Amino acid sequence: MGFTPRQFKLVQAAAGSLESLGIAREEAIILISNSIQEELTALGLTMEQVDAKSRTERFAFIRTLAARMEKTIHTRGVMLGQIRAAMEEFMEALRQSWHEETH
């Protein structure tokens, strides 16, 4: 699965958020990429189809993806509060990205 430059920038931002949880950037990128692929497969979608959806639908996809990642990270013994804080940081980066997209 390939990412557009914008998508890869978001994956890198998410990876940065996970570094605060003790997950190396490279490992975080793999974790995020695998989670995205699993979610796309579960929904029968491609990244192009997700990108073509409304902001609300894209945000719903990201929330579901964040929940999937929370479960995976929690199995590593990281506390849910820490995970949720990292996910909120990523969600804010995403919101800013979409705001910049429309201006």
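The model shown is predicted, which means the values in this text are computed figures rather than measured ones. (Residues numbered from 1 in each chain as written. Predicted model: local features only at pLDDT ≥ 70, side-chain atom pairs only at ≥ 80, totals over all residues. Heavy atoms only, no water.)

In this structure the tally under the stated criterion is one cavity of 30 Å³ or more. The space that makes up the largest cavity amounts to roughly 230 Å³. Around the largest cavity, the lining comprises 21 residues; the ones closest to its centre are Leu-10, Met-47, Ile-62, Phe-90 and Leu-94. Listing elements by their share of the lining of the largest cavity, those giving two or more residues are helix H1 (5-19), helix H2 (25-43), helix H3 (47-51), helix H4 (55-74) and helix H5 (80-102). Counting residues per element, the lining of the largest cavity draws most heavily on H4, which supplies six residues. Broken down by class, the residue content of the lining of the largest cavity amounts to 17 nonpolar, one polar and three charged. (1 Å grid on protein atoms, 1.4 Å probe; cavity = no way out; pocket = protein on both sides within 12 Å on 5 of 7 lines; lining within 4 Å. Points joined across faces, edges and corners; volume = space filled by probe spheres on them. Helix = DSSP H or I, 4+ residues; strand = E, 2+ residues; numbered from the N terminus. Nonpolar A, V, L, I, M, F, W, Y, C, P; charged D, E, K, R; others polar.)

A separate point is the pattern of salt bridges. In the structure shown here, the tally under the stated rule is five salt bridges. The salt bridge partner of Arg-25 is Glu-19, with a shortest N-O separation of 3.2 Å. Judged by its relative accessible area of 31%, Arg-25 falls in the partly exposed class. For Glu-19, a relative accessible area of 38% corresponds to the partly exposed category. Between Arg-76 and Glu-27 there is a salt bridge, with the nearest N and O atoms lying 2.5 Å from each other. With Arg-76 in the loop between H4 and H5 and Glu-27 in helix H2, this pair connects stretches of sequence that are 49 residues apart. Judged by relative accessible area, which is 42%, Arg-76 ranks as partly exposed. Residues participating in the shared-partner salt-bridge network are Glu-38, Glu-39 and Arg-68. (Salt bridge = Lys/Arg side-chain N within 4 Å of Asp/Glu carboxyl O. Buried < 20%, exposed > 50% of the residue type's maximum accessible area, 1.4 Å probe, protein only.)

Compared with the 27 Å implied by 1.5 Å per residue over 19 residues, the 27 Å span of H2 between its first and last C-alpha is a close match. The secondary structure elements touched by the buried residues of H2 are H1, H3 and H4. Phi turns positive, to about 70 degrees, at Gly-44, one or two residues after H2. (Expected span 1.5 Å × (residues − 1). Contact = heavy atoms within 4.5 Å.)

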